[in-house]
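Each chain, letter by letter, is given below.
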Amino acid sequence: MIEHSFSLVELEYFLLIVVRITSFISVAPFFGMNNTPRRVKIGLGIFISILLYHISLPHEALVYQSVWGYCAIVMKEVLTGLLIGFGAQICTTVVAFAGMIIDMNIGLSMVSMMDPTTRQNTSISGMFLQYITMLMLFVSGMHRYLLQAIADTYRLIPINGAVFHTDELMASMIRFMSEYIVIGFRICLPVFAVIMILNTILGILAKVAPQMNMFAVGIQLKILVGLSTLFFSTVMLPGAADFIFRQMKAMVTRIVEGLL
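None of these values were measured; they are calculated from a predicted model.

**Student:** So what about the overall build of the chain? Which residues, and what values?
**Tutor:** Along the chain, the regular secondary structure elements total nine helices and two strands. For the chain, the succession of helices and strands along the chain, N to C, is α-α-α-α-β-β-α-α-α-α-α. The C-alpha radius of gyration of the chain comes to 24 Å, more than 25% above the 18 Å expected for a compact globule of 260 residues. The principal-axis extent of the C-alpha atoms belonging to the chain is close to 85 × 45 × 30 Å. Evaluated residue by residue, the chain yields a buried proportion of 41% over its 260 residues. For the chain, long-range pairs separated by at least 24 residues make up 82% of all intrachain contacts whose partners lie at least 6 apart in sequence. In the chain, which carries 15 positive and 13 negative side-chain charges, the distance between the mean positions of the two groups comes to 13 Å.

**Student:** Mind laying out unusual backbone geometry, listing which residues take part and the relevant values?
**Tutor:** Even without being glycine, F30 reaches a positive phi, approximately 70 degrees. Assignment of secondary structure puts F30 in the loop between α1 (8–27) and α2 (38–55). The class for F30 is partly exposed, based on a relative accessible area of 26%.

**Student:** Break down the environment of H54 for me, citing the residues and quoting the values.
**Tutor:** Within the secondary structure, H54 is located in helix α2. Residue H54 is classed as partly exposed on the basis of its relative accessible area of 47%. Residues H54 and T200, 146 residues apart in the sequence, show an inter-C-alpha distance of 65 Å.

**Student:** Explain the packing of helix α4 (residues 94–106) against helix α7 (residues 166–208) to me, using residue names and the numbers behind them.
**Tutor:** Between α4 and α7, the shortest axis-to-axis distance is 8 Å and the interhelical angle comes to 35 degrees. Crossing angle aside, the handedness with which α4 passes α7 is right-handed. In this structure, α4 uses V94, V95, F97, A98, I101, I102, N105 and I106 to contact α7, whose residues at the interface are F176, Y180, I181, I183, G184, F185, I187, C188, V191, F192 and I195. Residues that form the contact of α4 with α7 fall into these classes: 17 nonpolar, two polar and no charged.

Reading guide: rules and limits
- Residues numbered from 1 in each chain as written.
- Predicted model: local features only at pLDDT ≥ 70, side-chain atom pairs only at ≥ 80, totals over all residues.
- Heavy atoms only, no water.
- Helix = DSSP H or I, 4+ residues; strand = E, 2+ residues; numbered from the N terminus.
- Rg over C-alpha atoms; globule rule 2.2 N^0.38 Å.
- Buried < 20%, exposed > 50% of the residue type's maximum accessible area, 1.4 Å probe, protein only.
- Contact = heavy atoms within 4.5 Å.
- Lys, Arg positive; Asp, Glu negative; His and termini not counted.
- Charge placed at Lys NZ, Arg CZ, Asp CG, Glu CD.
- Axes fitted to C-alpha atoms, helices over the stretch in contact; angles between N-to-C directions.
- Left-handed = near helix turned anticlockwise from the far one by under 90°.
- Nonpolar A, V, L, I, M, F, W, Y, C, P; charged D, E, K, R; others polar.

This is the structure we're talking about:
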């Protein structure tokens, strides 16, 4: 029979660690997918919290005046975990944006599928790119980096030590959104360029041979050429996944700096 005694102060400290870790896991990429059972997320969060609790010994005493003070600390830890996880999550949505642009150019913008990981309707090309990119990020060690990043935050941002610098956080978000569009267009650039050339050729043919129905011919050619280009451009996805990984690291770093 296992007997373990602990004080109420240590229990309060441990619960705050659980709050930050589980908040991070709920929104972080790969860990926060909707098709992952909630029990698995909670169990993983508690297991990681136990490890961090023992690693961070001895603990500093919490200073608060009432139950409402402890609730304020809990909300602060929740926001800390959510912001760090959200900073990593938005970097993975770039490929969905690129897939939407691809489908708009090849004529599949009205075709959508239910993504089980987000439970939202997404484009076919976006789902294709997102799954391949997520697989490459997983192989490259994204999950290990995220766990190491949230563990390192306890050295930089101790319990009840987060200071929300809204100006820096907003500047980081605006900077990423400006890079968001550039990264998305870089991913879909091969398909976008080929379809633009095809549209130019179809426009010339419409003037040379006006008796041909270029609308009916163009729809089929765009789908055929667009999907073929998407297939042959998959060799560029490892470089795009590496670029997204670097952006994820930079975004998480900027978020943490805004909480110091």
